[in-house]
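Residues per chain are reported as follows:
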Amino acid sequence: MPRTPIDVPHKLEYLSILNENGEVDSKLEPKIEAKQLKEMYRWMLFARRVDERLLKLQRQGRIGTFPQASGHEAISLGSVVNLQKSDWHVPAYRELAGFLYRGWTLEQILIYWMGYEEGAVPPEGTNDLPISVPIASQLLHAAGIGMANNLKGDKNVVMTYFGDGASSEGDCHEAMNFAAVYQAPVVFVCLNNQYAISVPLTKQMRNQTIAQRALSYGMDGIRVDGNDVLAVYVAAKEAVDKARNGGGPTLIEALTYRYTPHTTADDPTRYRSTDECNTWMAKEPLIRFEKYLKAKKVVTDADLKTMEAEIEARIDEAITNAEEACKHPPLSDPLKMFDYLYSELPSNLVEQKEELAKHLGIEVTEKETRDEAGAVGRGK
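Since we're looking at a predicted model, the values are computed, not measured. (Residues numbered from 1 in each chain as written. Predicted model: local features only at pLDDT ≥ 70, side-chain atom pairs only at ≥ 80, totals over all residues. Heavy atoms only, no water.)

Asks: Please clarify how unusual backbone geometry should be interpreted in this entry.
Replies: If a residue is not glycine, its phi is most likely negative; likewise, a peptide bond is most likely trans. Put simply, Pro 329 and Pro 330 share a cis peptide bond, and its omega is 0°. As for its position among the elements, Pro 330 is in the loop between α11 (301–325) and α12 (347–360). Phi is positive for Gln 183, close to 50°, though the residue is something other than glycine. Inspection of the secondary structure puts Gln 183 in the loop between α6 (170–181) and β5 (186–192). When its relative accessible area of 35% is taken as the criterion, Gln 183 is described as partly exposed. Although it is not a glycine, Gln 194 adopts a positive phi angle of roughly 75°. By the element assignment, Gln 194 lies in the loop between β5 and β6 (195–196). (Helix = DSSP H or I, 4+ residues; strand = E, 2+ residues; numbered from the N terminus. Buried < 20%, exposed > 50% of the residue type's maximum accessible area, 1.4 Å probe, protein only.)

Okay, here's the thing in structure tokens:
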């Protein structure tokens with residue numbers, strides 16, 4: 001028998017709408033109202049300034065080690081704005097813009113990076129999962145939620161995030177395979193910043209793109225310019241609409257660059273060149289989006305100055321509130337570390353809790369309710 005070509009039905013595209021000079025392809029430009037464009041920029045700028053301030057706080061010893069999100073704002077914000085409140089937001093740990101947009105208070109985020117699990121409590125009324133640091137584990141949760149949505153017959157979409165390093169994990173492949181087989185309404189967003197800590201993408205895989213892996217699972221895939229918020233918005237909107245209408249999952253590979261160390265404990269100068277960093281810095285998302293908004297007369301220099309001042313004041317307020325909260329119960333009570341793993345503590349942890357209480361001279365009392373802990377995490 002002769003060899004017969006196999007017709008693979010899915011196609012693969014690269015999408016870029018707004019280049020680094022702020023020039024837009026008018027044929028691909030999405031129709032977004034001026035008010036929404038301004039809000040999108042404000043959330044991106046807010047996330048950038050928070051990220052920069054968090055670095056200073058870490059260097060001052062006021063928070064612990066954390067992964068910066070600068071340079072990833074267009075991916076996080078450009079995708080999450082397409083979700084409804086009832087949709088599921090399943091993040092990794094560089095989705096700061098998305099967290100803020102979805103209603104997580106800055107106090108809550110600060111408390112989390114100060115080392116308190118109370119900061120991981122999702123805001124009331126949102127279908128959000130907490131920050132997920134274990135690589136790719138959240139993708140299985142997202143696939144499971146999507147499968148459950150199908151079983152319940154609801155139209156809620158699940159959007160989940162992961163890095164290029166996570167794409168090499170077994171959890172990633174299992175999650176996408178299950179989502180495709182069961183046509184779960186999941187949008188997989190890969191923040192491809194080209195490094196798994198110090199390992200470049202070329203040493204992680206032989207593929208030309210991460211997006212092409214979608215073809216092997218039988219789902220749609222697309223690569224977008226991850227520094228172009230308009231391209232991310234368009235790709236995510238198409239994927240969300242398709243998922244909501246029963247079209248199954250989509251893999252979006254958003255190509256960007258990690259402008260910062262992997263975490264505040266990393267030294268990227270040991271494995272990246274200055275020239276490479278400078279090349280990508282010229283493509284960063286906020287500058288090009290600002291040029292676009294000014295050209296469309298959506299914002300003025302006065303608007304931007306006011307925005308910066310408001311953001312700075314909000315960050316100052318949140319830091320004061322978070323640090324004050326850490327001085328009072330339940331955050332000031334070290335025994336609270338035992339409250340978040342089990343509904344009923346096993347005997348060995350009961351012994352450890354009592355031993356710590358005795359050492360600290362603290363009388364063990366009935367623990368505060370989870371609602372009280374959540375209220376502190378939400379900055380109430």
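Asks: Looking at this model, I keep getting lost on the sheet that holds strand β4 (residues 158–163). Mind explaining?
Replies: By definition, the strands of a sheet pair up through backbone hydrogen bonds, in either a parallel or an antiparallel sense. If you trace the seven strands from one edge of the open sheet to the other, you get β1-β8-β9-β5-β4-β2-β3, paired in parallel fashion. Lying at the two open borders of the sheet, with one neighbouring strand each, are β1 (12–15) and β3 (127–128). Here three bridges tie strand β2 (residues 88–90) to β4, and the two strands are oriented parallel to one another. By the bridge assignment for β4, Val 90 is matched with Thr 160. Most of the contacts of helix α2 (residues 73–80) go to β4, to which it runs at about 170°, and overall it touches β2, β4, β5 and β9 (250–255). Packed on one face of the sheet, helix α5 (residues 137–152) meets β2, β4 and β5 and runs near 165° to β4. (Pairing = 2+ DSSP bridges. Contact = heavy atoms within 4.5 Å. Axes fitted to C-alpha atoms, helices over the stretch in contact; angles between N-to-C directions.)

Asks: For this particular structure, what's the right way to read the packing of aromatic side chains?
Replies: For any pair of aromatic rings, the description rests on two quantities: the centre-to-centre distance and the angle between the ring planes. Applying the stated criterion to the full structure yields twelve aromatic pairs. With a centroid separation of 6.0 Å and 15° between ring planes, the pair formed by Phe 178 and Tyr 182 is classed as stacked. Of the residues examined, Phe 178 reaches a relative accessible area of 42% and is grouped as partly exposed. Ring centres of Phe 289 and Tyr 292 lie 6.2 Å apart, and the angle between their planes is 15°; this geometry places the pair in the stacked category. Of this pair, Phe 289 and Tyr 292 are both found in helix α10 (residues 285–295), three residues apart, which corresponds to roughly one turn of the helix. A residue is classified by how much of its surface remains accessible, and Phe 289, at 0% relative accessible area, is buried. A connected cluster of aromatic rings, assembled from ring pairs, spans Tyr 195, Tyr 257, Tyr 259, Tyr 271 and Trp 280. (Phe/Tyr/Trp six-rings, centres within 6.5 Å; stacked < 30°, edge-to-face > 60°.)

Asks: It is not clear to me how the packing of helix α1 (residues 34–59) against helix α8 (residues 229–244) should be interpreted in this structure. Could you clarify?
Replies: Each packed pair of helices is defined by two parameters, the angle between the axes and the distance between the axes. For the pair α1 and α8, the least separation of the axes is 12 Å and the interaxial angle reads 110°. In terms of orientation, α1 and α8 fall into the roughly perpendicular class. Taken together, the residues of α8 that come into contact with α1 (itself represented by Gln 36, Leu 37, Met 40 and Met 44) are Val 229, Leu 230 and Tyr 233. For the contact of α1 with α8, the per-class residue count stands at six nonpolar, one polar and no charged. (Parallel < 35°, antiparallel > 145°, perpendicular 65-115°, else oblique. Nonpolar A, V, L, I, M, F, W, Y, C, P; charged D, E, K, R; others polar.)

Asks: Help me out: how do you make sense of the pattern of salt bridges in this one?
Replies: Side-chain pairs of opposite charge can arise whenever the charged atoms involved come near each other. Evaluation of the coordinates by the stated rule reveals 25 salt bridges. Salt-bridge contacts for Arg 48 lead to Glu 284; the nearest nitrogen and oxygen are separated by 2.8 Å. Here Arg 48 is found in helix α1, whereas its partner Glu 284 is found in the loop between α9 (274–281) and α10, with 236 residues between them in sequence. Take Arg 48: its relative accessible area is 10%, and that puts it in the buried class. Residue classification places Glu 284 among the buried positions, given a relative accessible area of 6%. Two residues, Glu 107 and Arg 314, come together in a salt bridge whose shortest N-O distance is 2.6 Å. Of this pair, Glu 107 sits in helix α4 (residues 106–113) while Arg 314 sits in helix α11, and the two are 207 residues apart along the sequence. The network of salt bridges with common partners includes Arg 48, Glu 73 and Glu 284. (Salt bridge = Lys/Arg side-chain N within 4 Å of Asp/Glu carboxyl O.)

Asks: How do you make sense of the pairing of strand β8 (residues 220–225) when you look at a structure like this?
Replies: For a regular strand, side-chain orientation follows a simple rule: the groups alternate between the two sheet faces. Buried residues dominate β8, accounting for five of its six residues. In the sheet, β1 pairs with β8 via four bridges, with the strands oriented parallel. Paired with Tyr 14 across the two strands is Arg 223, which belongs to β8. Summarising the sheet, β8 and β9 pair through six bridges and their orientation is parallel. Directly across from Asp 225, in β9, lies its bridge partner Leu 255.

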